[in-house]
Amino acid sequence: MFNEADLTALFITVKLAVITTIILLVMGTPVAWWLAKSRWRFKFIFEAIVALPLVLPPTVLGFYLLVALGPDGPIGSTMGFLGAEPLAFTFTGLVIGSVIYSMPFVIQPLQNAFAAIGQRPLDVAATLGASPLDRFFTVAIPLARPGFFTAAVLGFAHTIGEFGVVLMIGGNIPGETQVVSIAIYDHVESLEYANAHWLSATLMLLAFVLLIAVYAVNRKLTYKSGYGL
Amino acid sequence: MPFSENLPAAEIRVAVASNFATTMLDIARRFENSTKYKVILSSGSTGKHYAQIKNGAPFDIFFAADAYRPQRLEKEGRIIAGSRFTYAIGRLVLWSPVSNYFNHNVLSRIQSGKLKFRRMAIANPRLAPYGMAAKEVLLKHGLWKQLSGRLVRGENINQTFQFVKSRNAQLGFVAYSQVKSVSSSTKGAYWLVPQSDYQPIIQQAVVLTDTDTTRSFIQFVKSKKILQLIREHGYDTP
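The following refers to the structure shown. All of these numbers come straight from a predicted model, not from anything done at the bench.

1. Concerning unusual backbone geometry
Although it is not a glycine, N172 of chain A sits at a positive phi angle of roughly 55°. As for its placement among the helices and strands, N172 of chain A is situated in the loop between α9 (164-170) and α10 (180-189). In the Ramachandran plot, R167 of chain B falls in the positive-phi region, its phi being about 60° despite a non-glycine side chain. Note that R167 of chain B resides in the loop between α7 (157-165) and β8 (171-175). Overall, R167 of chain B belongs to the partly exposed group, its relative accessible area being 31%.

In structure tokens form, the structure reads like this:
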């Protein structure tokens, strides 16, 4: 049913999706907040940049990342200058690629959630003496919780299903950069359809169970705290 | 008839292995110029084309990257009987875009650890005939185990080529046709692997629909002029 490489690939996929989602939530929150609150007239330029990974086909995005990570590329040459190890064909390289690839799926729901809160709750908190940081952590973030759930679910699911980017910058190394989507692709290409079906079914089931759990928890929390989605 | 000139020219849909796509484009343009037919090319991996053909993809001719998939289609009764033939034989090279990086004794310098590199790219031996051939060469020279931790695998030979061209891998086993296609200033260093070191990379084609158009295209591909063109692109011909 599964060989050892398939199981390793499953583990690497989940690890990649978890790490990517955490990084995107931590780094994406301030960006989304700024995008939701800023009145700077050229803000739309940054909104467009955040949406850009949606435009390029993943293999094309992966191709440009590969070129950027190479010794002549901007990232690769900087890394070389600093004496750091090259990033292509490493798990860290995959994390960087996934963060870029899944960025809009995390930042956009967060931005919408922050925008939906409106200015009033924050102003009320301010008149009650809450500092800007207090307002952000005790008013804005709890109110934006549905947005955080959506962002986490989309970021996670999108990274699980990632193929084109990892295909280009991963190098298909078992135990390091071989994720499930690549393992399935390998099975299909070598006409091992039964293995492909098993692995696909497992991936779908795993993601389904996980998403059900997340949505159930979200519903409970939303109900308890009294906010609708 | 006066208006027959305006009728749309007959079309043929050709599925072609990505490694042969640029050569096929060249052939198709010449064919279009010498006939009234139009050739629509779909390049992609042979595994995907095989799955698509089995599921009813409307291709008329299939130029595969190997002999295995055409043979399977023949066994499964999907092709015009007797239409399977070898159109090109691939040649394997070890390549680096950095000139003077190595010369013909490259394998012995790798064996002795004198040639420094971090990653070597090969095509995935499970999927790509060039990958299978590269594995054979490394096994034959006792390098497979020694290098296994440093090998990165492209899903096909084009991706493997990109790994090396972008210099993320310092060298790699690619198709001679690919090295021939880069401009001479960036050709770098390459070593044409002796063909005794690996099983021949036989690329076969099969005809899926039998029409005048497909017949004349196949005849065209088998002509002396086109065989010469295929050799110029870096392949051997039967």
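2. Let's talk about the packing of aromatic side chains
A full pass over the atoms with the stated rule returns 23 aromatic pairs over all chains. Aromatic side chains W34 of chain A and F46 of chain A sit 5.7 Å apart centroid to centroid with 90° between the ring planes, which places their arrangement in the edge-to-face category. Highlighted residues: W34 of chain A in helix α1 (residues 4-37) and F46 of chain A in helix α2 (residues 43-55), separated in sequence by 12 residues. Residue W34 of chain A is classed as partly exposed on the basis of its relative accessible area of 35%. Through pairs of rings, three or more aromatic residues link up here, namely F20, F31, Y37, F63, Y87, F217, F220 and Y235 of chain B. The ring of F85 of chain B carries K222 of chain B above its face, with NZ or CZ at 4.4 Å from the centroid.

3. What about the packing of helix α6 (residues 120-127) of chain A against helix α7 (residues 132-143) of chain A?
Residues and elements named next belong to chain A. Remark: α6 packs on α7, axes separated minimally by 10 Å, with the N-to-C direction vectors making an angle of 155°. Taken together, the axis directions place α6 and α7 in an arrangement best described as roughly antiparallel. The interaxial crossing formed by α6 with α7 has right-handed handedness. When α6 is examined against α7, the residues P121, L122, A125 and A126 are found in contact with a partner set consisting of R135, V139, A140 and L143. In terms of residue class, the contact of α6 with α7 is built from seven nonpolar, no polar and one charged.

4. Some details on the interface of chain B and chain A
Each side of the interface is counted separately: chain B has 24 residues, and chain A has 28 residues. Surface buried jointly by chain B and chain A totals about 2,200 Å² across both partners, of which 51% is contributed by carbon and sulfur atoms. Across the contact surface, chain B and chain A share four salt bridges. Here R126 of chain B makes a salt bridge to D186 of chain A, at a shortest N to O gap of 4.0 Å.

Definitions and limits used
- Residues numbered from 1 in each chain as written.
- Chains lettered and ligands numbered in written order.
- Predicted model: local features only at pLDDT ≥ 70, side-chain atom pairs only at ≥ 80, totals over all residues.
- Heavy atoms only, no water.
- Helix = DSSP H or I, 4+ residues; strand = E, 2+ residues; numbered from the N terminus.
- Buried < 20%, exposed > 50% of the residue type's maximum accessible area, 1.4 Å probe, protein only.
- Phe/Tyr/Trp six-rings, centres within 6.5 Å; stacked < 30°, edge-to-face > 60°.
- Lys NZ or Arg CZ within 6 Å of the ring centre and 35° of its normal.
- Axes fitted to C-alpha atoms, helices over the stretch in contact; angles between N-to-C directions.
- Parallel < 35°, antiparallel > 145°, perpendicular 65-115°, else oblique.
- Left-handed = near helix turned anticlockwise from the far one by under 90°.
- Contact = heavy atoms within 4.5 Å.
- Nonpolar A, V, L, I, M, F, W, Y, C, P; charged D, E, K, R; others polar.
- Buried area = accessible area lost by both parts, 1.4 Å probe.
- Salt bridge = Lys/Arg side-chain N within 4 Å of Asp/Glu carboxyl O.

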